[in-house]
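# Fold and contact review
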Amino acid sequence: MNDRIAELHQDMMAWRHDLHAHPELGFQEHRTADFVAAKLAEFGVEVHRGIAGTGVVGTLRAGSGKRAIAFRADMDALPIEEKNDVAYASTRPGVMHACGHDGHTSILLGTARYLATTRDFDGTVHFVFQPAEENDGGGKRMVEEGLFDRFPAENIFALHNWPGLPFGTLAARVGPQMAARDNFSISVRGTGSHAAMPHLGDDPVVAACRIVAEAQTIVSRTVDPLASVVLSFTQIHGGNTLNVVPGEVTLAGTCRFLDAAVGVNVEERLARVCRAVGESTGLTVSLDYQKGYPPAVNTAPAVAVAATAAGNVFGLEHVTTEFPPSMGSEDFAYMLAAQSGCYAWLGAGPATPGKLLHQPNYDFNDALLPLGVRYFVSVVETVLGKPTNR
Ligand SMILES: [Zn+2]
Ligand SMILES: [Zn+2]
């Protein structure tokens, strides 16, 4: 296995650099999808396009087995101006692969080529290339458009390169690995007034401050102290001069949590605070609460497969299943909500300040490409039979 994958490494780097030079934002991954589809077809993998717009699914069968598994890679880039001085730097102003999705796509393409060449497994493998991971829920749309009805699989696996985790270590935990992300905005409307005559109006500034202050008790007084949740107000807008009380103040913020029930509680309590302040002040308070990505929750059987598979290729000392989840969020959560699976972090080595995920000097570590393929191929061998005739 290792010799073949070492051969693949040069090609995967070339693919990764090509994708890196041509980054595309969510649901605009037309060139990327063309690239992926052309490679899959070249490898002899059955290609399905147009799922969630630019999504691509490749299907490969070997032997007569009825079992099937799926792998997911994300294809989108971020609206960041690249600051790296490399030959393959982004050619598109203001758009950059700053999260390593160029690397994830290349790993899954490398996996497809390896498996299509060897066909040493018994069953079906689906390669899912999703659009719009970062903000727009491309994974959600793929599920809504029947991903798992059209391409049934007993488990779906994904990986994300993870700066700060030792190089070549795989980390996957049972339960939530990434948090849910909800966003909200609140508008407080009344009648503005002369700042010296507040009794002639009703003051949305004071009311907005009350909402912010009272919302602080939601997490501290109504959520189990052992649960992980954060409610942050991140915007307050209102007024533009010193001697006028404005007629409207708007607030906005975000809520992150690991347990969906905790999120429901926060939403209900925030609505209650808004209603109470509106009733007691006579102001019109409206809350627009937007449910975002759910928590990314791994199932125990899928994590067991991931740990065994990674242990076989990296050594068990390079596999960890006991670690705290991240309060960041991940669109793969929608697939995990619909289907048993495992989202894992692949350690990318030391976290260098300025070169972290979503930073303009970040670059995917090319040395991870063969490790990602070895892990995915090992998952296939673990679930669909280990080849015997190599
Ligand atoms: Zn990202
Ligand atoms: Zn990412």
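Residues numbered from 1 in each chain as written. Chains lettered and ligands numbered in written order. Predicted model: local features only at pLDDT ≥ 70, side-chain atom pairs only at ≥ 80, totals over all residues.

### Here we look at the nonpolar core
For the record, the criterion: Only buried Ala, Val, Leu, Ile, Met, Phe, Trp, Tyr and Cys residues enter a nonpolar core, and they are joined through C-beta atoms within 7 Å. Buried means a residue has 20 or more other C-beta atoms within 10 Å of its own C-beta, exposed means 12 or fewer, and partly exposed covers the counts in between; C-beta atoms are placed from the backbone. Strands are runs of DSSP state E lasting at least two residues, helices are runs of H or I lasting at least four, and both sets are numbered from the N terminus onward. A domain assignment, automatic or from a database, supplies the domain bounds used here. By the convention adopted here, residues make contact when the C-beta atoms placed from their backbones lie within 7 Å.
If you look at the biggest cluster of nonpolar residues, it comprises 105 residues, and the most contacted ones within it are Phe-127, Ala-306, Ala-344, Leu-346, Tyr-375, Val-379 and Val-380. Take this core: its biggest share by element is 11 residues, from helix α10 (residues 368–384). Lining this core are residues from two domains, each supplying at least three of them: domain 1 (2–178 + 295–384) and domain 2 (180–290). Look past the residues within four positions of Val-379 in its chain and what remains in contact with it is Ile-69, Phe-157, Val-305, Ala-306 and Ala-309.

### With respect to the packing of helix α6 (residues 204–222) against helix α7 (residues 260–281)
How we decide: Note on geometry: axes are lines fitted to C-alpha atoms, helical ones only across the stretch in contact, with angles between N-to-C directions running from 0 to 180 degrees. Crossing handedness: left-handed means the near helix sits turned counterclockwise from the far one by under a right angle, and right-handed means the same turn made clockwise. All residues other than Ala, Val, Leu, Ile, Met, Phe, Trp, Tyr, Cys, Pro, Asp, Glu, Lys and Arg, Gly among them, are scored as polar; the first ten of these are nonpolar and the last four charged.
Between α6 and α7, whose axes approach to 9 Å, the crossing angle comes to 145°. Pair α6 / α7 crosses with right-handed handedness. Here Ala-207, Arg-210, Ile-211, Glu-214, Ala-215, Ile-218 and Thr-222 of α6 come into contact with α7, specifically with Asn-265, Val-266, Arg-269, Leu-270, Val-273, Cys-274, Val-277 and Thr-281. Along the lines of polarity and charge, the residues of the contact of α6 with α7 split into 9 nonpolar, 3 polar and 3 charged.

### Details of the domain arrangement of the protein chain
How big an interface is tends to be stated in terms of accessible area lost as the parts join. Partitioning the protein chain into domains gives domain 1 (2–178 + 295–384) and domain 2 (180–290). Each of domain 1 and domain 2 has a C-alpha centre, and the two are 39 Å apart.

### Considering α6
Let me state the cut-off plainly: The span one expects for a helix is its residue count, reduced by one, times 1.5 Å.
Helix length check: α6, at 19 residues, gives a terminal C-alpha distance of 26 Å against a target of 27 Å (1.5 Å per residue), a fit within 8%. Taken together, the buried residues of α6 touch β8 (180–189), β10 (229–237), β12 (248–257) and α7.

### A short note on the pairing of strand β16 (residues 341–347)
Where we set the bar: The pairing criterion for strands is at least two bridges between them, as found by DSSP.
β16 sits mainly inside the fold: 7 of its 7 residues count as buried. Of the two faces of β16, the one holding Gly-341, Tyr-343, Trp-345 and Gly-347 and the one holding Cys-342, Ala-344 and Leu-346 are both buried throughout. Across 7 bridges, strand β5 (residues 155–162) lies against β16 in parallel orientation. Residue pairing for β16: Leu-159 is matched across the bridge by Ala-344. One ladder, built from 2 bridges, connects strand β6 (residues 170–171) with β16; its direction is antiparallel.

### Considerations on the sheet that holds strand β1 (residues 46–51)
Either a parallel or an antiparallel arrangement is found when strands of a sheet pair, and the pairing is made through backbone hydrogen bonds. Pairing is mixed in the open sheet, where 8 strands are placed in the order β1-β2-β4-β3-β5-β16-β6-β15. Looking at which strands have only one partner, the edges of the open sheet turn out to be β1 and β15 (319–320). Of the strands in this sheet, β2 (55–62), β3 (68–74), β4 (123–130) and β5 touch helix α3 (residues 101–118), which is tilted by about 150° from β3. Relative to β16, helix α8 (residues 300–314) is tilted by about 35°, and along the sheet it contacts β5, β6, β15 and β16.

### Observations concerning the sheet that holds strand β13 (residues 284–290)
Strand order across the open sheet formed by 4 strands is β10-β12-β8-β13, with antiparallel pairing between neighbours. Edge strands, defined here as strands with exactly one partner in the open sheet, are β10 and β13. Strand after strand, the sheet turns through a mean of 20° between neighbouring axes, direction not considered. Alignment of β8 against β13, held across 7 bridges, turns out to be antiparallel. Bridge pairing in β13 links Arg-189 to Thr-284. Sitting on the sheet, α6 touches β8, β10 and β12, and the angle it makes with β12 is about 15°. Sheet strands in contact with α7 are β8, β10, β12 and β13, and its direction is about 165° off that of β13.

### Let's talk about the packing of α3 against α10
Test applied: Throughout, the term roughly parallel applies to angles under 35 degrees, roughly antiparallel to angles over 145, roughly perpendicular to angles from 65 to 115, and oblique to all others.
One can describe the packing of α3 onto α10 by two numbers: an axis separation of 9 Å at closest approach and a directional angle of 50°. As summarised for this structure, α3 and α10 are arranged oblique, according to the angle between their axes. The two elements α3 and α10 cross, and the hand of that crossing is right-handed. Contact with α3, carried on its side by Gly-103, Ser-106, Ile-107, Gly-110, Thr-111, Tyr-114 and Leu-115, involves Leu-368, Leu-369, Gly-372, Val-373, Phe-376, Val-377 and Val-380 of α10 and no other residues of that element. Its residues placed into classes, the contact of α3 with α10 shows 9 nonpolar, 5 polar and no charged.

### Considerations on helix α2 (residues 30–43)
One turn of the α-helix equals 3.6 residues, which is why residues spaced by three or four share an orientation. Quick reminder of the rule: Note: the arc covers the axis-to-C-beta directions of the helix.
When the terminal C-alpha atoms of α2 are compared, their 20 Å separation across 14 residues agrees well with the 20 Å that a helix rising 1.5 Å per residue should span. Taken together, the buried positions of α2 are Thr-32, Ala-33, Phe-35, Val-36, Lys-39 and Leu-40. Down the axis of α2, the sector holding all buried residues measures 160°, keeping them to one side. For α2, the exposed residues lying more than 90 degrees away from the buried face are His-30, Ala-38, Ala-41 and Glu-42. Elements in contact with the buried residues of α2: α1 (2–21), β1, β2, α3 and β4.

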